[in-house]
Amino acid sequence: MKPIRKFTVRAVVPATLAPLEELAGNLRWSWHEPTRRLFEHIDPELWRSSHRDPVAFLGEVDPARLDELAADAGYVAWAERERAELQEYLSQPRWFQTLATEAPRTIAYFSPEFGITAALPQYSGGLGILAGDHLKAASDLGVPLVGVGLFYKAGYFAQAIGDDGWQQERYPVLDPDGLPLSVLRRPDGAPVQLALALPEDRVLHARVWKASVGRIPLLLLDTDIPANTDELRSVTDRLYGGGGEHRLLQELLLGIGGARAVRAWTELSGCPVPDVFHMNEGHAGFLGLERISTYIAEGLTFAEALQVVRAGTVFTTHTPVPAGIDRFDRELVERYLSSSLLPGVDPADALALGAEPGADPETSAFNMAVMGLRLAQHANGVSKLHGEVSRRMFGDLWPGFDAAEVPITSITNGVHAPTWTDPALLGLAESRLGTGDTEHADWLSGALSDGEFWSVKRGMRLQLVEDARRRLAEAWAVQHPGSPVPTWISRVLDPDTLTVGFARRVPTYKRLTLMLHDPKRLTAILTNAERPVQLVIAGKSHPADDEGKRLIQQLVQFAQQPELRERIVFLPDYDMGMAEMLYPGCDVWLNNPLRPLEACGTSGMKAAMNGALNLSILDGWWAEYAGDDYGWVIPSADAAGDATERDALEAAALYDLLEHRVATRYYERDGDGVPREWVRRVRQTLATLAPELGADRMVKQYVEELYRPAAEHAAAVLADNARGARELAAWSAKVRQAWPGVQVVHVESGGVEEPHVGDELHLRAYVGLDGLAPDDVSVEVAYGRSHDGDTIDGVRHAVLTPAVSNPGSPENAGDATSGEPRLYTGTVVLDRAGAFGYTVRAVPRHPLLLSTAELGLVAVAG
Ligand SMILES: *Cc1c(COP(=O)(O)O)cnc(C)c1O
């Protein structure tokens with residue numbers, strides 16, 4: 001029988017065990033092992049079967065067992081200690097509080113998905129898990145951040161695999177009452193309810209759930225409330241479920257509703273009003289328009305408000321391919337922006353922000369990443385290589401500038417060590433290395449023998465083997481109700497075989513099936529009698545992506561062969577719960593994307609933190625961290641003639657490495673069966689690579705390189721009744737208007753008849769300013785090596801200064817309106833021998849601009 005309605009009745013915990021409820025109510029348990037041990041002690045078997053989710057667990061525990069523990073003074077004291085520890089964690093100064101700065105006051109961090117724990121499935125993959133790790137590290141560091149997202153009733157989707165290997169999707173509905181969430185309420189108890197005006201006099205209402213992620217509040221907006229029509233209730237039904245209008249409604253809610261939710265939160269909690277807004281990818285871009293609308297209400301123009309918003313906004317791009325970017329039909333967006341959704345904002349101004357550069361503004365799609373970059377003065381990619389790719393990909397927004405000058409920097413992603421390090425390694429660090437900080441433990445210490453390390457790693461592998469068997473048996477039972485689970489499932493995988501993992505979403509560029517390129521060769525590697533290899537694979541394809549589902553099917557069918565099925569398994573329903581077992585159980589983590597399409601990739605980082613070596617294409621994070629002790633580089637065949645040839649070459653390299661380098665090394669054992677050289681590399685990875693990969697390193701970089709500058713910049717433009725913003729807006733308009741008339745008219749040089757290293761090149765440039773003041777522009781010489789006549793390599797810039805007076809017309813020296821070109825002069829020292837080239841350019845100059853390229857205006861000589 002199917003219930004017509006479901007809800008969760010929360011357990012009544014005996015009064016002396018109240019600390020358990022408090023601990024369950026803060027998601028810090030998702031990365032705090034001591035808290036988990038406290039719960040596990042109550043009923044270890046039930047703890048595992050309730051997926052280590054304390055809220056669900058407490059709902060299931062036998063009340064008699066709770067009564068028993070309530071009378072156990074030792075347990076009660078233990079629970080009290082953990083509660084006191086949590087209170088201390090929440091209130092004591094941490095890293096951020098030791099900085100000699102007040103900025104930023106608060107960062108509002110917007111993301112369409114958050115992966116914090118498998119128990120709160122509000123993520124699809126890397127982007128969301130990164131957001132979760134960002135919040136957790138911010139909490140650990142005491143960074144004042146508030147997270148903003150949506151609450152999806154069915155999360156992403158649950159994956160099953162049919163006998164034919166085809167992916168099936170299920171959408172189990174979540175009950176927020178059974179999750180560690182509480183409704184945001186006003187002091188009188190009424191829930192905060194947001195309202196967004198839509199076309200045709202419709203109104204989209206949302207309530208706000210709050211989760212506590214350690215010290216960080218996370219606000220999740222939910223439209224499934226009676227105030228909405230059925231149609232609008234379903235706006236937050238699924239993550240990345242619909243396209244077009246449904247997706248647009250989600251993003252309007254996230255950006256505009258999210259900004260309003262933050263305002264309600266700051267009023268209710270007394271938390272300082274955010275001075276920095278961070279968009280994790282373009283989906284939340286509408287938040288900038290909402291903020292512009294509020295500044296317009298305070299008396300600024302659109303252009304002035306835009307300056308304020310830009311100054312305090314950080315935009316992070318995650319995709320290296322234009323196809324991965326959210327784009328909407330322009331007319332659809334126009335229809336929504338023409339309602340009273342954003343009071344005071346002229347739809348034409350808003351639409352212009354999303355117009356793609358170079359495209360016809362009347363027909364161009366509305367591009368969320370382009371809008372994000374125009375709304376944010378601070379932008380970054382997520383690895384060094386991805387920073388380069390992004391500067392090229394978005395270069396058209398700053399026409400006339402070299403890619404190197406495009407104002408998009410990079411901060412390489414990190415992963416939250418306490419979440420992603422296996423408890424067995426934590427136990428080892430505690431017992432042998434004297435620390436509970438696995439990320440900074442001395443893994444090379446002689447206090448820990450290779451033999452002991454290896455036996456702990458075997459335990460982690462065994463745990464994965466058992467988890468895989470259990471998952472496959474459960475999946476079988478669901479697919480074949482009533483029929484017994486075949487015995488071969490209890491024999492899949494082996495805890496003493498070299499274990500290679502590969503798990504990720506299944507977009508084409510990740511090349512799930514590269515390993516199948518030569519099935520015979522792969523079969524030989526897997527079934528090698530002396531040096532066998534086993535493969536554990538998982539991944540979900542987006543429900544609308546049949547190509548991805550075909551790849552999964554191919555792989556599943558390969559793995560179904562009776563002679564291989566114990567050596568290669570596809571585990572259905574990849575999620576954080578599986579990931580927790582998978583990374584620690586692997587010896588090698590395989591990653592073979594098409595370079596450079598993996599923006600960063602974080603799964604390999606998580607594997608490294610659990611003592612796995614990486615076998616990867618030099619892409620994303622691995623391109624900057626690869627090292628001989630940390631794994632192997634699969635060479636990229638970038639120069640191959642076509643995609644097929646490239647796949648063939650890269651697959652062949654993969655097989656060679658796996659067979660002749662990886663497996664040989666793994667099975668090279670000492671008298672006690674310990675692979676000494678392998679263990680040495682793994683310990684080196686934990687000691688020197690892992691500390692670089694932490695989300696704490698990443699969040700510190702965000703604070704120092706983006707958040708603090710953004711907060712200071714926002715304060716500068718807002719000071720004195722937004723004087724800076726008003727000035728900058730007026731000045732930008734003036735400069736834009738004059739710019740077509742700005743030109744470098746003539747350049748003279750002297751001092752280099754027979755140039756030698758050390759000589760000085762004297763430059764005199766005459767620049768027509770078309771009414772601008774000499775200080776409105778910066779005239780620069782750009783110089784460097786020039787081998788062919790067309791390019792300058794390794795460009796450097798030196799600023800030329802306005803001459804005190806114009807030769808020949810001294811009486812006009814300070815008069816910019818004379819129309820005469822102005823003289824700028826300067827000197828470059830020729831400090832290197834060889835081919836030299838230079839040019840002179842004029843660019844806008846204002847103390848509140850952060851980069852030369854910011855306005856996308858430049859006038860180059862010649
Ligand atoms: C880490 C993780 C990802 C992202 O991995 P990538 O290497 O970035 O593709 C996706 N899903 C889960 C469950 C993860 O834990």
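No experiment lies behind these values; they were computed from the predicted model shown. (Residues numbered from 1 in each chain as written. Predicted model: local features only at pLDDT ≥ 70, side-chain atom pairs only at ≥ 80, totals over all residues. Heavy atoms only, no water.)

Examining the overall build of the protein
Right, so step 1: Along its length, the protein carries 26 helices and 29 strands.
Right, so step 2: The C-alpha atoms of the protein give 30 Å as radius of gyration, which agrees with the globular expectation for 862 residues (29 Å, within 12%).
Right, so step 3: In terms of overall dimensions, the protein has a C-alpha envelope of 100 × 70 × 50 Å along the principal axes.
Right, so step 4: When the 862 residues of the protein are sorted by exposure, 56% land in the buried category.
Right, so step 5: Considering only contacts in the protein between residues 6 or more positions apart, those separated by 24 or more positions represent 72%. (Helix = DSSP H or I, 4+ residues; strand = E, 2+ residues; numbered from the N terminus. Rg over C-alpha atoms; globule rule 2.2 N^0.38 Å. Buried < 20%, exposed > 50% of the residue type's maximum accessible area, 1.4 Å probe, protein only. Contact = heavy atoms within 4.5 Å.)

What about the pattern of salt bridges?
For side chains bearing opposite charge, pairing can occur when the charged atoms are close.
Right, so step 1: Under the definition given, this model contains 52 salt bridges.
Right, so step 2: Between arginine 202 and glutamate 200 there is a salt bridge, and its shortest N-O distance comes to 3.9 Å.
Right, so step 3: For the salt bridge of glutamate 668 with arginine 665, the shortest nitrogen-to-oxygen distance reads 3.2 Å.
Right, so step 4: A relative accessible area of 39% means that glutamate 668 is categorised as partly exposed.
Right, so step 5: A single network of salt bridges, built from pairs that share partners, joins Glu200, Arg202, Glu231, Glu245 and Arg335. (Salt bridge = Lys/Arg side-chain N within 4 Å of Asp/Glu carboxyl O.)

Here we look at the UniProt feature "domain: DUF3417" (unreviewed entry) in the protein
Right, so step 1: The UniProt record annotates "domain: DUF3417" (unreviewed entry) at residues 13–120.
Right, so step 2: Its end C-alpha atoms 22 Å apart, residues 13–120 is made of 52% helix and 6% strand. (UniProt positions renumbered as here; feature names shortened; annotations may be inferred.)

Here's the deal with the site of the ligand
Right, so step 1: Residues in contact with the ligand amount to 15 residues; listed here are only the nearest, Ile129, Lys510, Thr602, Ser603 and Lys606.
Right, so step 2: At 2.7 Å, a side-chain N or O of lysine 510 approaches an oxygen atom of the ligand.
Right, so step 3: Contacts to the ligand include threonine 602, whose backbone N or O atom sits 3.0 Å from an oxygen atom.
Right, so step 4: Against a free-state accessible area of 390 Å², the protein chains account for coverage of 95% of the ligand.
Right, so step 5: It is helix H21 (residues 576–585) that provides the largest number of residues to the shell around the ligand, a total of three residues.
Right, so step 6: Its residues placed into classes, the shell around the ligand shows six nonpolar, five polar and four charged.
Right, so step 7: In terms of domain composition, the shell around the ligand takes at least three residues from each of domain 2 (95–414 + 703–718) and domain 3 (417–693). (Near = heavy atom within 4 Å. Polar contact = N/O pair within 3.5 Å; in protein donor to acceptor, adjacent residues only side chain to side chain. Areas by Shrake-Rupley, 256 points an atom, 1.4 Å probe, with all protein chains shown as cover. Nonpolar A, V, L, I, M, F, W, Y, C, P; charged D, E, K, R; others polar. Domains from an automatic or database assignment.)

Digging into the UniProt feature "modified residue: N6-(pyridoxal phosphate)lysine" (unreviewed entry) in the protein
Right, so step 1: In this numbering, the UniProt entry assigns the feature "modified residue: N6-(pyridoxal phosphate)lysine" (unreviewed entry) to Lys606.
Right, so step 2: Position of lysine 606 among the secondary structure elements: in helix H22 (residues 603–608).
Right, so step 3: Owing to a relative accessible area of 4%, lysine 606 belongs among the buried residues under this scheme.
Right, so step 4: Ignoring sequence-local partners within four residues, the contact set of lysine 606 consists of Ile129, Val415, Trp420 and Tyr583.

Some remarks on the pairing of strand E25 (residues 777–785)
Right, so step 1: Among the nine residues in E25, eight count as buried, and that is most of the element.
Right, so step 2: Looking at chain direction, E25 and strand E28 (residues 836–844) are connected through nine bridges and run antiparallel. Counterpart to glutamate 780 in the pairing with E28 is arginine 841.
Right, so step 3: Note: E25 against strand E26 (residues 793–802), six bridges, orientation antiparallel. What sits directly across from valine 779, in E26, is leucine 800. (Pairing = 2+ DSSP bridges.)

A word on the packing of aromatic side chains
Right, so step 1: Here the structure, examined in full by the defined rule, presents 22 aromatic pairs.
Right, so step 2: A cation sits over an aromatic face here: arginine 238 above tyrosine 171, 3.4 Å from the ring centre.
Right, so step 3: One cation-aromatic arrangement involves lysine 606 over tryptophan 420; the distance from NZ or CZ to the ring centre is 4.2 Å. (Phe/Tyr/Trp six-rings, centres within 6.5 Å; stacked < 30°, edge-to-face > 60°. Lys NZ or Arg CZ within 6 Å of the ring centre and 35° of its normal.)

Concerning the sheet that holds E28
Right, so step 1: As summarised here, the arrangement of the seven strands in space is E23-E24-E27-E26-E25-E28-E29, forming an open sheet in which the pairing is antiparallel. Lying at the two open borders of the sheet, with one neighbouring strand each, are strand E23 (743–750) and strand E29 (859–860).
Right, so step 2: Of the pairings in the sheet, the one linking strand E24 (residues 760–768) to strand E27 (residues 822–829) comprises eight bridges and is antiparallel in character. The residue of E27 that forms the bridge with alanine 765 is tyrosine 824.

Quick look at the confidence of the model for the protein
Right, so step 1: Averaged over all residues, the pLDDT of the protein equals 94, while 97% of them reach at least 70.
Right, so step 2: In the model, residues 810–816 has pLDDT below 50 throughout and makes 13 contacts with residues more than four positions away in sequence or in other chains. (pLDDT = per-residue confidence, 0-100.)

A look at the packing of helix H18 (residues 450–479) against H21
Right, so step 1: One can describe the packing of H18 onto H21 by two numbers: an axis separation of 7 Å at closest approach and a directional angle of 140 degrees. In terms of their interaxial angle, H18 and H21 are classed as oblique. In this structure, the crossing between H18 and H21 has a hand that is left-handed. Counting all contacts with H18, which are made through Lys457, Met460, Arg461, Gln463, Leu464, Asp467 and Arg471, the residues of H21 involved are Gly577, Met578, Met581, Leu582, Tyr583, Pro584 and Gly585.
Right, so step 2: For the contact of H18 with H21, the per-class residue count stands at seven nonpolar, three polar and four charged. (Axes fitted to C-alpha atoms, helices over the stretch in contact; angles between N-to-C directions. Parallel < 35°, antiparallel > 145°, perpendicular 65-115°, else oblique. Left-handed = near helix turned anticlockwise from the far one by under 90°.)

Thoughts on the side chain of histidine 318
Right, so step 1: Relative to the helices and strands, histidine 318 resides in the loop between strand E12 (313–316) and strand E13 (327–328).
Right, so step 2: Owing to a relative accessible area of 15%, histidine 318 belongs among the buried residues under this scheme.
Right, so step 3: Polar side-chain contacts of histidine 318 include one of 2.6 Å to the side chain of asparagine 280.
Right, so step 4: Beyond its immediate chain neighbours, meaning those up to four positions away, histidine 318 contacts Leu127, Leu130, Asn280, Glu281, Val382, His386 and Ala599.

A short note on the pairing of strand E11 (residues 276–280)
In the case of a regular strand, side chains alternate between the two sheet surfaces.
Right, so step 1: Here E11 lies mainly inside the structure; five of its five residues are buried.
Right, so step 2: The alternating pattern of E11 places Val276, His278 and Asn280 and Phe277 and Met279 on opposite faces, both of which are buried.

Side note on helix H12 (residues 330–337)
Right, so step 1: For H12, the complete set of buried residues consists of Arg330, Leu332, Val333, Tyr336 and Leu337. Angular distribution of buried residues about the axis of H12 spans 160 degrees; they occupy a single face of the element.
Right, so step 2: In the core, the buried residues of H12 are packed alongside helix H9 (244–269), helix H10 (286–297), E13, helix H13 (347–354) and strand E14 (366–367). (Arc of directions from axis to C-beta.)

Overview of the domain arrangement of the protein
Quoted interface sizes are often the accessible area lost when the parts come together.
Right, so step 1: Entries for the protein in the domain assignment read domain 1 (15–91), domain 2 (95–414 + 703–718), domain 3 (417–693) and domain 4 (742–860).
Right, so step 2: The centre of domain 3, based on its C-alpha atoms, is set 55 Å off from the matching centre of domain 4.

Looking at the sheet that holds strand E19 (residues 568–571)
Right, so step 1: Judged by pairing direction, the sheet is parallel, and its six strands sit side by side in the order E19-E18-E17-E20-E21-E22 without closing on themselves. Each edge of the sheet is formed by a strand with only one pairing partner; in this case those strands are E19 and strand E22 (631–634). When strand polarity is set aside, the average angle formed by the axes of neighbouring strands in this sheet is 20 degrees.
Right, so step 2: Summarising the sheet, strand E17 (residues 498–503) and strand E20 (residues 588–591) pair through two bridges and their orientation is parallel. Of the residues in E20, the one forming a bridge with valine 500 is valine 588.
Right, so step 3: Relative to the sheet, helix H19 (residues 519–526) contacts strand E18 (533–538) and E19, its axis offset from that of E18 by approximately 115 degrees.
Right, so step 4: Sitting on the sheet, helix H24 (residues 643–666) is in contact with E17, E18, E20, strand E21 (613–617) and E22, with an inclination near 165 degrees to E22.

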